[in-house]
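One-letter residues, chain by chain:
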Amino acid sequence: MSALGRLFKGGGAGRSKGRAGPTPQEALARLRETEEMLGKKQEYLETRIQRELAAAKQHGTRNKRAALQALKRKKRYEKQLSQIDGTLSTIEFQREALENSHTNTEVFKNMGYAAQAMKKVHENMDLDKIDSLMDDITEQQAVAQEISEAISNRVGFGDEFDEDELMEELEELEQEELNKKMTNVRLPSVPSTSLPSRPASSRKKVEDEDDMKQLAAWAS
């Protein structure tokens, strides 16, 4: 079993008898505190490294023993600093993993709440009733459309009569009225005595004029 597995599983039975494990918020707060503490330790070690390096340079060849001791301390500090860098990387990875796990847990929990709410909403809904309701709505929409079209169409009063028959009847009425008027017109009486005959020369002149008029009309 890996170290990470032992961390989460090992000794679980003993801890289960005590209080429950820390919440994700508590664990994240502890990890951030540790990161802050190690960061301060880094700053301290970096200062000591610079100080020991300066001491080694100061002693130089005049006091080799002191210079070597300073370099040894510098190496130890550098080793500790390297270890702290590795520890910080591990803590940062653990913190990010815990944050992601906490986020996923909250998302899963909220999705569960939403699923329960949807289930509660759908408890009183019957698919058969929904289908029947949708059929009724579709049918009523079709009826409403037919009513709208019927109302918007022009009412065809008189469309049942043939227009040609009406025109023929109208012409008959007009002709009948015209006949009545012609009947009431009084024509002048024919004279009993014969009219004097027109002289031949006059008739010839009139005939010539009529011929000229017909010729002019034809030419035009």
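Residues numbered from 1 in each chain as written. Predicted model: local features only at pLDDT ≥ 70, side-chain atom pairs only at ≥ 80, totals over all residues. Heavy atoms only, no water.

J.: Explanation requested: the overall build of the chain in the structure shown.
T.: Assigned secondary structure in the chain consists of seven helices and zero strands. Partitioning the intrachain contacts of the chain with sequence separation of at least 6 by distance along the chain shows that 73% fall at a separation of at least 24. Of the roughly 19700 Å² that the chain leaves accessible, carbon and sulfur atoms contribute 56%. (Helix = DSSP H or I, 4+ residues; strand = E, 2+ residues; numbered from the N terminus. Contact = heavy atoms within 4.5 Å. Areas by Shrake-Rupley, 256 points an atom, 1.4 Å probe, with all protein chains shown as cover.)

J.: Mind showing me how you'd approach the pattern of salt bridges here?
T.: When charged atoms on two side chains of opposite charge get close, those side chains can pair. Taken as a whole, this structure holds eight salt bridges when the rule is applied. Notably, a salt bridge pairs lysine 40 with glutamate 36, separated by 4.0 Å at the nearest N-O pair. Of this pair, lysine 40 and glutamate 36 both sit in helix α3 (residues 24-59), four residues apart, roughly one helical turn. For arginine 48, the salt bridge goes to glutamate 52, with nearest N and O atoms at 3.5 Å. Here arginine 48 and its partner glutamate 52 are both found in helix α3, four residues apart, which amounts to about one turn of the helix. What you see here is one network of salt bridges that share partners, running through Arg32, Glu35, Arg95 and Glu99. (Salt bridge = Lys/Arg side-chain N within 4 Å of Asp/Glu carboxyl O.)

J.: What exactly am I supposed to notice about a negative patch on the surface here?
T.: Negative charge collects at one region of the surface, where Asp162, Glu163, Asp164, Glu165, Glu168, Glu169, Glu171, Glu172, Glu174, Glu176 and Glu177 lie side by side. Within the element layout of this structure, glutamate 172 appears in helix α6 (residues 163-184). For glutamate 172, a relative accessible area of 48% puts it in the partly exposed group. (Patch = residues over 30% accessible without salt bridge, like charges linked within 9 Å, V, L, I, M, F, W, Y side chains within 5 Å. Lys, Arg positive; Asp, Glu negative; His and termini not counted. Charge placed at Lys NZ, Arg CZ, Asp CG, Glu CD. Buried < 20%, exposed > 50% of the residue type's maximum accessible area, 1.4 Å probe, protein only.)

J.: Got a minute to help me understand the packing of α3 against helix α4 (residues 64-122) in this structure?
T.: Axes are the key here: two packed helices are described by the angle between their axes and the distance separating the axes. At their nearest, the axes of α3 and α4 sit 8 Å apart, and the two run at 160 degrees to each other. What the angle tells us is that α3 and α4 run roughly antiparallel. As α3 packs across α4, the resulting crossing turns out to be left-handed. Tallied by class, residues from the contact of α3 with α4 come to 20 nonpolar, eight polar and 13 charged. (Axes fitted to C-alpha atoms, helices over the stretch in contact; angles between N-to-C directions. Parallel < 35°, antiparallel > 145°, perpendicular 65-115°, else oblique. Left-handed = near helix turned anticlockwise from the far one by under 90°. Nonpolar A, V, L, I, M, F, W, Y, C, P; charged D, E, K, R; others polar.)

J.: Before we go on, may I ask you to explain the confidence of the model for the chain in this structure?
T.: Interpretation of the predicted coordinates at a detailed level should be avoided for regions scoring low in pLDDT. Per-chain confidence: the chain averages 79 in pLDDT, with 72% of residues scoring 70 or above. A low-confidence stretch, residues 10-17 (pLDDT under 50), is modelled with four contacts involving residues beyond four sequence positions or located in other chains. (pLDDT = per-residue confidence, 0-100.)

J.: Looking at this structure, how should I read the nonpolar core?
T.: One recurring pattern in soluble globular proteins: nonpolar side chains tend to sit buried together. Core analysis: the largest hydrophobic core is formed by nine residues, namely Leu31, Leu38, Leu45, Ile49, Tyr77, Leu81, Ile84, Leu88 and Ile91. Among the elements of the structure, α3 and α4 are those that each provide at least two residues to this core. For this core, the leading source of residues is α4, giving five residues. Residues within four places of isoleucine 49 in sequence aside, it is in contact with Lys74, Tyr77, Glu78 and Leu81. (Core = buried A, V, L, I, M, F, W, Y, C linked by side-chain atoms within 4.5 Å.)

J.: What should I look at first to understand a nonpolar patch on the surface in this one?
T.: A cluster of nonpolar side chains, contributed by Leu133, Met134 and Ile137, occupies part of the molecular surface with about 270 Å² of accessible area. With respect to the helices, strands and loops of the structure, isoleucine 137 is situated in helix α5 (residues 127-152).

J.: When you look at α3 in this model, what are you seeing that I'm missing?
T.: Residues separated by three or four positions in an α-helix point in the same direction, a consequence of the helix having 3.6 residues per turn. Between its first and last C-alpha atoms α3 spans 52 Å; for 36 residues at 1.5 Å apiece the expected length is 52 Å, and the two agree. Of all the positions in α3, only Leu28, Leu31, Glu35, Leu38, Gly39, Gln42, Leu45, Arg48, Ile49, Glu52 and Ala56 are classed as buried. The secondary structure elements touched by the buried residues of α3 are α4. (Expected span 1.5 Å × (residues − 1).)

J.: Sorry if this is basic, but what is going on with the environment of glutamine 80 here?
T.: Tracing the backbone through its elements, the reader meets glutamine 80 in helix α4. With 38 residues separating them in the primary sequence, glutamine 80 and glutamine 42 have C-alpha atoms 8.7 Å apart. Ignoring anything within four residues of it in the chain, the contact list for glutamine 80 reads Lys41 and Leu45.

J.: Looking at this structure, how should I read the side chain of glutamate 35?
T.: Relative to the helices and strands, glutamate 35 is located in helix α3. With near-sequence residues (within four places) excluded, glutamate 35 lies in contact with Leu88, Ile91, Glu92 and Arg95.

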